[in-house]
There are 2 protein chains.
Amino acid sequence: MICFSCRIPSESGTCKKCYEEVNMRKDALRHNIEELKSKVNFLTLFLPMNPAIQITSDVVLVPCSGSSIAFVHAHKFVSRSPVFKAMFENDMDEGQSVINVADVAYDALRTFVIYLYTAEVCLEDQMAFDLFILAEKYQVNHLKAYCEKFLIARVNEENAISNYTFAQQHNAKQLLDSTLTCIADNKEQFVRSEAYVNMKHINPRLVVDILEACFATELLVLP
Amino acid sequence: MICFSCRIPSESGTCKKCYEEVNMRKDALRHNIEELKSKVNFLTLFLPMNPAIQITSDVVLVPCSGSSIAFVHAHKFVSRSPVFKAMFENDMDEGQSVINVADVAYDALRTFVIYLYTAEVCLEDQMAFDLFILAEKYQVNHLKAYCEKFLIARVNEENAISNYTFAQQHNAKQLLDSTLTCIADNKEQFVRSEAYVNMKHINPRLVVDILEACFATELLVLP
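Summary of the structure given here. (Residues numbered from 1 in each chain as written. Chains lettered and ligands numbered in written order. Predicted model: local features only at pLDDT ≥ 70, side-chain atom pairs only at ≥ 80, totals over all residues. Heavy atoms only, no water.)

1. Observations concerning the packing of aromatic side chains
Now for step 1: A full pass over the atoms with the stated rule returns 13 aromatic pairs over all chains.
Now for step 2: Here the aromatic rings of F84 of chain B and Y138 of chain B are separated by 4.4 Å at their centres, their planes lie at 15°, and the arrangement is stacked. Remark: Y138 of chain B occurs in the loop between α5 (125-137) and α6 (141-153) and F84 of chain B occurs in helix α3 (residues 82-91); sequence separation between them is 54 residues. Of the two residues examined, F84 of chain B and Y138 of chain B, each falls in the buried class.
Now for step 3: Through pairs of rings, three or more aromatic residues link up here, namely F84, F112 and Y138 of chain A. (Phe/Tyr/Trp six-rings, centres within 6.5 Å; stacked < 30°, edge-to-face > 60°. Helix = DSSP H or I, 4+ residues; strand = E, 2+ residues; numbered from the N terminus. Buried < 20%, exposed > 50% of the residue type's maximum accessible area, 1.4 Å probe, protein only.)

Here it is as structure tokens:
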């Protein structure tokens, strides 16, 4: 018999040395995780919604989505977006700035700004789409990747079409691949799904696009 | 023979299942580390020394250490110190504030502020002492723990006396313990060290303190 790990002939399945080494490395990794967690805690900023903090804010973001007159306070310095940064470089000496953010609801904008301060967000489906769009627009890649991962984990035959459309519109390559894989893997359920049947009538061109994309990636053989 | 890990009788030293489980958990830990690292990168702020950033700064820290007239820009919002926070809460609406920081050199103050933005610092001995003092004064526990760990790793017979004195003055309990352990472990070299011989003449009371402390912790039997 040879050791599973070092491949040196051994009486045992894994020699004790290899097993202990793996365990030691695990302890080192755990220690590393603890240190990184404490760094994240240290670097996370207080929420900008804190009233005491609002006084120092030098930028106000206004969501332009109809009737809402609520707005979100922030700090130019904390804007972790190259797009905001470029905006602020032009008017950094002007005191408090106002930025209108088109096509976004107050809740999404507020969640977006909180993410810039904390790198934390609690997603649900619609919020993941909204934040992906904001993250794309303002080039916050960390959040964009997080939302895409969240959406990919929830792809199924029922939402494949809407996810495919979204992924194409917003150039979300991994979400697109994941949708096509889901369709290919469940093609029989997919072509029987309500979403598919509806879409065939409403937008047959889109259905053709999807099926063609599946062909192209050699994932799908039509039933 | 029984498995090293699950203790179930097994033909091998560690059963394959346990070995693979440990390896899988290790991969999960590595993944966790990658995610935390990307979070730290995201949360790390640009350096406040960046000229484009200085314009948005709303606080100036002035080191009061003699002739230097250099000062350090910062943002009230980023001050990760309860002491600074309390100061700013009183004058948050006054625009740019000036804070005089006594008994500190420009380099140490600059490094301290950079740490508040990045959680990163490159330490050497004197800087570790200086930053420990600043971290203690402004209650930045994350940095204080980091400096103490750095100093502990460098305790030896030659610097044991100065480290002991520093640890006592600044209530660095772990550094104190580590100094006494070092002295106890190397008592023969210690009592022959230049630092010890000098200190016996200059400050015999301190030497008595150190030896008594070693006795008290039952670590040292005098040679």
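2. Remarks on unusual backbone geometry
Now for step 1: At A119 of chain A, a position not held by glycine, the phi torsion is positive, near 55°.
Now for step 2: Non-glycine residue N171 of chain B carries a positive phi angle of around 55°.
Now for step 3: By the element assignment, N171 of chain B lies in the loop between α7 (160-169) and α8 (173-185).

3. Quick look at helix α1 (residues 16-43) of chain A
Now for step 1: Taking 1.5 Å per residue, 28 residues should reach 40 Å; α1 of chain A reaches 41 Å between its end C-alpha atoms and fits that length.
Now for step 2: Within the sequence span of α1 of chain A, burial applies to C18, Y19, V22, K26, L29, I33, L36, K39, V40, F42 and L43 of chain A.
Now for step 3: As for α1 of chain A, its buried residues are in contact with α1 (16-43), α4 (106-118) and α6 of chain B. (Expected span 1.5 Å × (residues − 1). Contact = heavy atoms within 4.5 Å.)

4. Re the packing of helix α7 (residues 160-169) of chain A against helix α11 (residues 204-216) of chain A
Residue and element names in this part refer to chain A.
Now for step 1: Between α7 and α11, whose axes approach to 11 Å, the crossing angle comes to 85°. Overall, the two elements α7 and α11 adopt an arrangement that is roughly perpendicular. Here α7 contributes I161, Y164 and T165 to the contact with α11, which in turn contributes L206, D209, I210 and A213.
Now for step 2: Tallied by class, residues from the contact of α7 with α11 come to five nonpolar, one polar and one charged. (Axes fitted to C-alpha atoms, helices over the stretch in contact; angles between N-to-C directions. Parallel < 35°, antiparallel > 145°, perpendicular 65-115°, else oblique. Nonpolar A, V, L, I, M, F, W, Y, C, P; charged D, E, K, R; others polar.)

5. With respect to the sheet that holds strand β1 (residues 59-64) of chain A
Residue and element names in this part refer to chain A.
Now for step 1: Strands sit in the order β2-β1-β3 across an open sheet of three strands; the sheet is mixed. One side of each edge strand has no neighbouring strand; the edge strands of this open sheet are β2 (72-74) and β3 (97-102). Neighbour to neighbour, the strand axes of the sheet diverge by 25° on average, direction disregarded.
Now for step 2: Taken together, the three bridges between β1 and β2 define a ladder with antiparallel strand orientation. (Pairing = 2+ DSSP bridges.)

6. Describing the sheet that holds strand β3 (residues 97-102) of chain B
Residue and element names in this part refer to chain B.
Now for step 1: In spatial order, the strands read β2-β1-β3; together these three strands make up an open sheet with mixed pairing. Every interior strand has two partners, whereas the edge strands, β2 (72-74) and β3, have only one. Neighbouring strand axes in the sheet, compared pairwise and without regard to direction, differ in orientation by 25° on average.
Now for step 2: Against the sheet, α4 touches β1 (59-64), β2 and β3, its axis set at about 20° to β2.

Purely spatial values, then, with no claim about function.
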